[in-house]
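Architecture at a glance
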Amino acid sequence: MIIELGPPGVRLDWMGPDAAIVVEGATRTRVRFVTEADRSAVLVGGWHIEVVVESERLAALREKARRGADFAGHGGPTEVRAIIPGRVVAVSVAPGDEVVAGQQLLVVEAMKMQNELRAPRAGTVASLATGTGQTVEVGDLLVVLS
Amino acid sequence: MASLRKDDVAGRGQERLPFRRVLVANRGEIAVRIIRACHELGIEAIGIYSDADADALHTRLADVAVRIGPAAPTESYLRIDAVVEAARSAGADAIHPGYGFLAERASFARSVEEAGIVFVGPPADAIQALGDKLHARRLAQTVDVPVVPGTLEPVAIDRPDRLAVVMEEAERVGFPLLVKAAAGGGGRGMRRVTDLAGLPAALEAGFAEALSAFGDGAVYLEREILPARHIEVQLLGDGTGRVAALGERDCSLQRRHQKLVEEAPAPGISPAERRALHAMAVRLGKAAGLRNAATAEFLRAPDGTFAFLEVNTRLQVEHGVTELVMGVDLVREQLRIAAGLPLSEAALAAAERAADPGSHAIEVRIAAENPALDFTPAPGRISSWTMPGGPGVRIDSGVGQGDRVAPEYDNLVAKLMVHAGDRDAAIDRLRRALDETEIGGIQTTVPFHRFVARDASFRAGEVSTGWVAERYDGAADLRRALGIAKLATGLAAIEGRHPSRPAPPKPVDGRAESDGRWRAAGRADTMDRWPR
């Protein structure tokens, strides 16, 4: 994957082993690089942005997989996965239900807050991989839309 | 139970409370805050902890820490019997509940009192009376305190034959209106209704949510005031019938009825208006027989009129901004009052000048949430933690580097407070302090707070409860940051400088052998996948 480096004249001024200023013309933005175990992130403006280093070969494979997923997204099933860990407190659909884009599928409670998970597109609920009361982790399959 | 420290109390000051040990029935930053107040008074602090908090700061800071159960709050911090037993076995003279968990459960205050232990808070009867929002609304009317227009009795939701009456009431209240839980708080059981057709479903949903959250499904109707400012008055009562108002706080910046930013005093309000507001709150406190600390919440309509919302019978999350401008330690006052002492000279003097306090304080709640995803919770492990310092900066926090922000609990990780001579200087200080703040490993609300500290309308004091939704575009903010993150990682890689210390371990699949190209991932991908 190629990084776009923006206009010429962009540079990094290092302020220490893990801190730097990104200089773009008159704009100076402080960044900090943090690494823990195998995870790396850049802190900028209060944002915690995870970054991964990968080889050209791996990047190409990932790109291929992503394109495949996009293609499948137009006709094939769509997998809806958990993006926050928590507990499923309500399931609003059942297999076979027709749903419209944006319709609530289920509610995941995390940190005392209820988070509605909505359908990314219209379709039919092909299967439910979770139920009320179940604990889910990030990435867990919740619903398959066909 | 493990005794962690034995302080000598020889160095403590003049004031001696009759308490030798106080159990702090809470966790996180507020438990730390209360333990510190105990230590300053020469009182031993007994901490309680769940399995998730065995190594938490509040557990380590306590003089004695008692395990009370597994991570789930219902099996630990919400267990009245376990908390009271912990206090009894540790020989505590008093229990401070903090906020949240059991703080506003009248049954808890009663159990504590029945065990012969002092409850640091209002009497159980006052908690019960004021915790019922409908009761509080009726009480306000008896002392000429205007309430937000709405109903004063529970909606007869279980009586289909009364639906016509309910509809009539709703039309009288006016739309948009809110269905609210009488036993509610934190937006639970609350539903917004824009027209008559949507009312039955909202009543049903509000009832069900209130019943599951509070064990009481009673709901009532209240007109939605928009744009409104949320302004609340800090009250202290000492049991002699004396109730003092220690100024007000503006908590208008909210999302989903959760506060994000609080300040004292409320900007753009004259001392005369403040005095009138404080007097209303004091009338309410006296009518309720208030002892110890409580907060009366009001909405201020665009025409400048105030309407009473509810009373919280506990220490508020945002009590620190009042402490900074009033020069009063509210937790110390709470402990004094619980010990039977009258309001301190400092508190009485503060109440005298509360309408014109002469300085300004702002608090931002740094929570583990993603501001680009409508502030959804973002738990995780904190990999790096840099907090600001310097003049006029106060940090109240219960976590640090290496700690896990557990999904079981509230996601507040730190309260950053600034104090300065006036509001402009306080905002400058806030911006500076936020620039020094760096938290790695989890996403927090810091980007939002940085936006607030730089925003012209915030500086102009144009705050309202709709401000966050109207003015802040978290996704756009993140896109800008992503661009810079990509630039930074790309440049670092090209320079052959691995931006980490110490050098990261080589992954087994040999990825570190790569040509050093980076890919910004994770949150960006997450955003694309999560329907907004």
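Counting from 1, residues in each chain are numbered in the order their sequence is written. Chain letters and ligand numbers both follow the written order, the letters beginning at A and the numbers at 1. Note on the predicted model: pLDDT of at least 70 is required for a residue's local features to be given, and 80 or more for side-chain atom pairs to be given and counted; whole-chain, interface and lining totals, by contrast, use all residues.

By definition, any uninterrupted DSSP run of H or I lasting at least four residues is a helix, any uninterrupted run of E lasting at least two residues is a strand, and each is numbered from the N terminus. Counting its regular elements, chain A contains one helix and 13 strands. Ordered by position from N to C terminus, the α and β elements of chain A give β-β-β-β-β-α-β-β-β-β-β-β-β-β. A burial count over chain A gives 27% of its 146 residues as buried. For every residue pair, C-beta atoms are placed from the backbone, and the pair is scored as a contact if these atoms sit within 7 Å. Residue pairs at least 24 apart in sequence account for 43% of intrachain contacts in chain A once pairs closer than 6 positions are excluded. Residues with at least 20 other C-beta atoms within 10 Å of their own are called buried, those with 12 or fewer are called exposed, and the rest are partly exposed. The C-beta atoms themselves are positioned from the backbone.

Let's shift gears to the overall build of chain B. Across its full length, chain B carries 18 helices and 24 strands. Computed over C-alpha atoms, the radius of gyration of chain B comes to 24 Å, within 12% of the 24 Å expected from 2.2 N^0.38 for 532 residues, which places it in the range of a compact globule. Overall, the C-alpha framework of chain B stretches about 75 × 65 × 45 Å when taken along its three principal axes. Looking at chain B residue by residue over its 532 residues, the buried ones come to 52%. Atoms counted for the radius of gyration: C-alpha only. Globule rule: 2.2 Å times residue count to the power 0.38.

Another point: the confidence of the model for chain B. Residue and element names in this part refer to chain B. Per-residue confidence for chain B gives a mean pLDDT of 89, with 90% of residues at or over 70. The low-confidence segment residues 1-10 (pLDDT under 50) makes 12 contacts with residues lying over four places distant or belonging to another chain. A residue's pLDDT is simply how confident the predictor is in it, with values from 0 to 100. Contacts from residues 499-532, a stretch scored under 50 in pLDDT, to residues over four places away or in other chains number 66 contacts. Overall fold confidence (pTM) sits at 0.81, and the ipTM for the predicted complex is 0.85.

For helix α14 (residues 446-454) of chain B, a buried count of eight out of nine residues is recorded, marking the element as mostly surrounded by other parts of the structure. When we look at burial in α14 of chain B, the residues that qualify are V446, P447, F448, H449, R450, F451, V452 and A453 of chain B.

Here we come to the confidence of the model for chain A. Low pLDDT means the predicted atomic positions in that stretch should not be read closely. Residue and element names in this part refer to chain A. Of the residues in chain A, 75% have a pLDDT of 70 or more, and the chain-wide mean is 78. When pLDDT is averaged over each helix and strand of chain A, the minimum, 53, is found for helix α1 (residues 56-75) and the maximum, 92, for strand β2 (residues 19-24). Across residues 1-6 the pLDDT falls below 50, and counting only partners more than four positions away or on other chains, this stretch makes 12 contacts in the model. Scored below 50 in pLDDT, residues 68-74 makes one contact in the model with residues more than four places away or belonging to other chains.

Here the focus is the sheet that holds strand β9 (residues 219-223) of chain B. Residue and element names in this part refer to chain B. Following DSSP output, two strands are said to pair if at least two bridges run between them. The strand order β8-β7-β9 describes an open sheet built from three strands, whose pairing is antiparallel. The open sheet has two edge strands, β8 (191-193) and β9, and neither has a second partner. Across the sheet, the mean angle separating the axes of adjacent strands is 30 degrees when strand polarity is ignored. Where strand β7 (residues 177-181) and β8 come together, three bridges link them in antiparallel fashion. Where helices are involved, their axes are fitted lines through C-alpha atoms of the stretch in contact, as for all axes, and angles between N-to-C directions lie from 0 to 180°.

Moving on, we come to the sheet that holds strand β13 (residues 141-145) of chain A. Pairing between sheet strands relies on hydrogen bonds along the backbone, with the strands arranged either parallel or antiparallel. Pairing is antiparallel in the open sheet, where four strands are placed in the order β6-β13-β11-β8 (chain A). Of all the strands in the sheet, just β6 (78-81) and β8 (98-99) of chain A have a single pairing partner and so form its edges.

Right, let's talk about unusual backbone geometry for a bit. Residue and element names in this part refer to chain B. Note the cis peptide between L226 and P227, where omega equals -10 degrees. That bond from A264 to P265 is cis: its omega, -5 degrees, falls within 30 degrees of zero. Looking at the secondary structure, you find P265 in the loop between β12 (258-264) and α9 (271-287). Positive phi, normally seen in glycine, also occurs at H257, with a value near 60 degrees. Looking at where H257 falls in the secondary structure, it is placed in the loop between β11 (243-255) and β12. On the basis of neighbour count, H257 is assigned to the partly exposed category, with 14 C-beta atoms found within 10 Å. Located in the positive-phi region is F375, a residue other than glycine, with phi close to 60 degrees. As for its position among the elements, F375 is in the loop between β16 (369-370) and β17 (376-377).

A separate point is the packing of helix α13 (residues 423-436) of chain B against α14 of chain B. Residues and elements named next belong to chain B. Axis separation between α13 and α14 bottoms out at 9 Å; the angle between their running directions is 150 degrees. Considering how the two elements wind past one another, α13 and α14 form a crossing that is left-handed. For the pair α13 and α14, contact is made by I427, L430, R431 and L434 and by V446, H449, R450, A453 and R454, respectively. Considering only residue class, the contact of α13 with α14 consists of five nonpolar, one polar and three charged. The sense of a crossing depends on the near helix, which, turned anticlockwise from the far helix by less than a right angle, makes the crossing left-handed and, turned clockwise, makes it right-handed. Put simply, Ala, Val, Leu, Ile, Met, Phe, Trp, Tyr, Cys and Pro go in the nonpolar bin, Asp, Glu, Lys and Arg in the charged bin, and everything else, Gly too, in the polar bin.

All names here are of chain B. Burial analysis of helix α10 (residues 319-326) places eight of its eight residues in the buried class, the great majority of the element. Taken residue by residue, α10 has H319, G320, V321, T322, E323, L324, V325 and M326 as its buried positions. G327 sits one or two positions beyond α10 and adopts a positive phi of about 70 degrees.

Before going further, it helps to spend a moment on the environment of L102 of chain B. Residues and elements named next belong to chain B. Within the secondary structure, L102 is located in the loop between β5 (94-96) and α4 (106-114). Distance from L102 to I80, taken between C-alpha atoms, is 7.7 Å for residues 22 residues apart in sequence. The contacts of L102, once residues within four sequence positions are left out, are A25, L78, I80, V83, P97 and F108.

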